[in-house]
Amino acid sequence: FLEQQGAKAHSTYMTECDVHFFAGVMHQYQNIPYCHVHIVIPTSLLKDDATAPLDIWGRPPHLAAMPCSNDSPFPPPVAGGRLQAVAAQLQAQVDATCRLFEACPALAELRISMIPAVPGCEEILRKAGHDVLVTSGTGNASAMDCFSTSKQRLQEKAAKKRKAKQVQGAPAKALYVNNINRQRLHCCFRTLYGKDDAELAHEDIMSPDLATISLPSDVDVSNFFSVATSVDLKHLDLSPSHISKLPELTEMPALTHVNLNYNHLGDVGVELLFRALVDAGSSIEHLAVASNDIGDEGAAIIGASLGSLPRLTSLELCDNFIQERGSIAIAEAIAGATPPEEDGEEAVASVPLLVLSVDLKGNRSRELGARRWAEVICHHPDLKFLNLAQNELGCLTKEIFLDLVCGAVASASLSVLDLQENFPKGGFGSSDMGPPPPEVIEELLAELPAGEYDPAEVRKGVFIRRHRGSTDKKGRQPQQGSAPGQRHSVHQSATPGS
């Protein structure tokens, strides 16, 4: 936990002695499953404070009566000012963490997370930063006790907020849990602060408007990728300059999970990240870059890189600026289609990639992107989860939406298809999105296989296969290149699930 006293920044980063001590503990007790270093940055640390007291200028009062000397009465200057000093402290923390991970056992799971201080919990976290090993009976609170206290405070705050909005009880539970590749275990908001999407949602813990900070551009976090198993850096305003040394890394032997949500990598940062992963031969399994200003160019780079990352089986790309072209590029890459060398040529089909989960919520796939995804999920042998919520799929016609549902029914592997909030609430032409219209719902319920999907979930636009009926697909399936107005029946000859 970095702290500020006056105009100077102080940190509790690990010394060389700390590094070797904790690494020795990991070697001595090999049954410890993982080592998690959590770095908390107060939002006030990187903000200019005009009311903060300045360093003492001139001679101190107790030396005022002494004879003059040639000793300078001024503090030594710091290149770049206070912000540069803070950047140096942060970089020292990054480097110390990397040295610790380098000294830990090769088989240990090493997790690093860095976030701004959670609003309302700063003083609790500040206490947790000093006492790491606590002996029973001392009366001091351990770090995990402080996180439990933070969770309780956040839950109480969220309950008061719901009460003020006249919302009775806890919010509705999520209809499904996507934990493919154990992705939830590598999010510090879930493991440390209690995010569960029920009593505590993301906005209850970290409001982007209040807590996002801008990490100094001089801080480079690239070395985390070469030594850690899991890299979790959120709400730090990361840009390409913060990962500029990634191309210098020759290997990432332990890296399996990367979570860089709520930053500003953009297309340039995504290209830097994926090229480094490919060049290093990374074995990454899950990558999350939600809310990172990624457009179609970045999505095309992601699609082109998937074939060189065979173990990358889950992608989280929510709330970016990916439109039809970018969505189609990712869909065709997962389907195994080789991009054409020249414009106008068709993609060459090959073996589908082993991808299990794709989350594109909050983008703009629209009808063209959805049509390609309908073809992919119909024939892909492994894809289990696809989220196209809030993608404007039903702005012009309902047919593509129905084709997607048809593909989900025909799929041998897909378990969850999320299509929430894809229809204009005020009719075609409205910008406010909501669930499918009643007439679309009734048409779906009449044609869906009996017993496989929950009608309540279907009305929200969520299709979770609860039971699987007959494997004999008698209904028509989405056909490649079908016209947007040509709908295919989703009815199958299936017995109700018992």
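Reading the values: rules and limits
- Residues numbered from 1 in each chain as written.
- Predicted model: local features only at pLDDT ≥ 70, side-chain atom pairs only at ≥ 80, totals over all residues.
- Heavy atoms only, no water.
- Helix = DSSP H or I, 4+ residues; strand = E, 2+ residues; numbered from the N terminus.
- Buried < 20%, exposed > 50% of the residue type's maximum accessible area, 1.4 Å probe, protein only.
- Contact = heavy atoms within 4.5 Å.
- Areas by Shrake-Rupley, 256 points an atom, 1.4 Å probe, with all protein chains shown as cover.
- Axes fitted to C-alpha atoms, helices over the stretch in contact; angles between N-to-C directions.
- Parallel < 35°, antiparallel > 145°, perpendicular 65-115°, else oblique.
- Nonpolar A, V, L, I, M, F, W, Y, C, P; charged D, E, K, R; others polar.
- Phe/Tyr/Trp six-rings, centres within 6.5 Å; stacked < 30°, edge-to-face > 60°.
- Core = buried A, V, L, I, M, F, W, Y, C linked by side-chain atoms within 4.5 Å.
- Expected span 1.5 Å × (residues − 1).
- Arc of directions from axis to C-beta.
- Pairing = 2+ DSSP bridges.

Q: Please explain the overall build of the chain as it appears in this structure.
A: When its secondary structure is counted, the chain shows 15 helices and 14 strands. The buried share among the 498 residues of the chain stands at 48%. Taking all contacts inside the chain whose residues are at least 6 apart in sequence as the whole, residues at least 24 apart take part in 78%. For the chain, the accessible area works out to roughly 24000 Å², and carbon and sulfur atoms hold 52% of it.

Q: Would you mind going over the side chain of Glu375 with me for this structure?
A: Tracing the chain through its elements places Glu375 in helix 12 (residues 366-379). The exposure class assigned to Glu375 is buried, which follows from its relative accessible area of 9%.

Q: Looking at this structure, how should I read the packing of helix 9 (residues 266-279) against helix 10 (residues 296-306)?
A: What describes two packed helices is the angle between their axes and the distance between those same axes. It is the contact of helix 9 with helix 10, at a shortest axis distance of 8 Å, that shows an interaxial angle of 10 degrees. Taken together, the axis directions place helix 9 and helix 10 in an arrangement best described as roughly parallel. For the pair helix 9 and helix 10, the contacting residues are Asp267, Val270, Glu271, Phe274 and Val278 in the first and Glu297, Gly298, Ile301, Ile302 and Ser305 in the second. A per-class count over the contact of helix 9 with helix 10 returns 5 nonpolar, 2 polar and 3 charged.

Q: In this structure, what is going on with unusual backbone geometry? I would like to understand it.
A: Residues other than glycine predominantly adopt negative phi, and peptide bonds predominantly adopt the trans conformation. Of note in the backbone geometry, Asn181 takes a positive phi value of approximately 65 degrees without being a glycine. Here Asn181 falls in the buried class, since its relative accessible area comes to 19%. Phi angles above zero are rare outside glycine, and Tyr262 is one such case at about 60 degrees. Relative to the assigned elements, Tyr262 resides in the loop between strand 6 (257-259) and helix 9. In this structure Tyr262 comes out as partly exposed when scored by relative accessible area, which is 26%.

Q: Help me understand the packing of aromatic side chains in this model?
A: Any two aromatic rings considered together are summarised by their centre-to-centre distance and by the angle between their planes. Enumeration according to the criterion identifies 7 aromatic pairs in this entry. Seen in terms of ring centroids, Phe21 and Phe22 are 5.2 Å apart; in terms of plane orientation they differ by 75 degrees. Their pairing is edge-to-face. For Phe21, a relative accessible area of 41% puts it in the partly exposed group. Note on Phe189 and Tyr193: the rings are 6.2 Å apart at their centroids and 65 degrees apart in plane angle, and the pair reads as edge-to-face. There is no split in this pair, since Phe189 and Tyr193 are both buried.

Q: So what exactly am I meant to see when it comes to the nonpolar core here?
A: Across soluble globular proteins, nonpolar side chains show a tendency to be buried alongside one another. Membership of the largest hydrophobic core comes to 95 residues, with the highest contact counts inside it found for Phe225 and Trp373. Looking at this core element by element, the count peaks at 8 residues for helix 2 (residues 82-103). Sequence-distant contacts of Phe225, that is, excluding residues within four places in its chain, are made with Val231, Ile243, Leu246, Leu249, Met252, Leu255, Val258, Leu260 and Leu273. Counting 17 residues, the second-largest nonpolar core is a separate cluster that includes Cys121, Tyr193, Leu200 and Ile205.

Q: Can you walk me through helix 1 (residues 16-28) in this structure?
A: Each full turn of the α-helix corresponds to 3.6 residues, which orients residues three or four apart in the same direction. Taking 1.5 Å per residue, 13 residues should reach 18 Å; helix 1 reaches 18 Å between its end C-alpha atoms and fits that length. Burial in helix 1 covers these residues: Val19, Ala23 and Met26. Taken down its axis, helix 1 places every buried residue within 50 degrees of arc, on the same side. Turned more than 90 degrees away from the buried face of helix 1 sit Cys17, His20 and Gln28, all of them exposed. Looking at the buried positions of helix 1, the neighbouring elements they touch are strand 3 (34-41) and helix 2.

Q: How should the pairing of strand 4 (residues 109-116) be read in this particular structure?
A: Each regular strand shows side chains that alternate between the opposite faces of the sheet. Of all 8 residues in strand 4, 8 are buried, a share of seventy percent or more. Of the two faces of strand 4, both are covered, the one formed by Glu109, Arg111, Ser113 and Ile115 as well as the one formed by Leu110, Ile112, Met114 and Pro116. Where strand 3 and strand 4 come together, 8 bridges link them in parallel fashion. Of the residues in strand 4, the one forming a bridge with Ile39 is Met114. Pairing geometry for strand 4 and strand 5 (residues 230-233), over 4 bridges, is parallel. Within strand 5, the residue paired with Ser113 across the bridge is Asp232.

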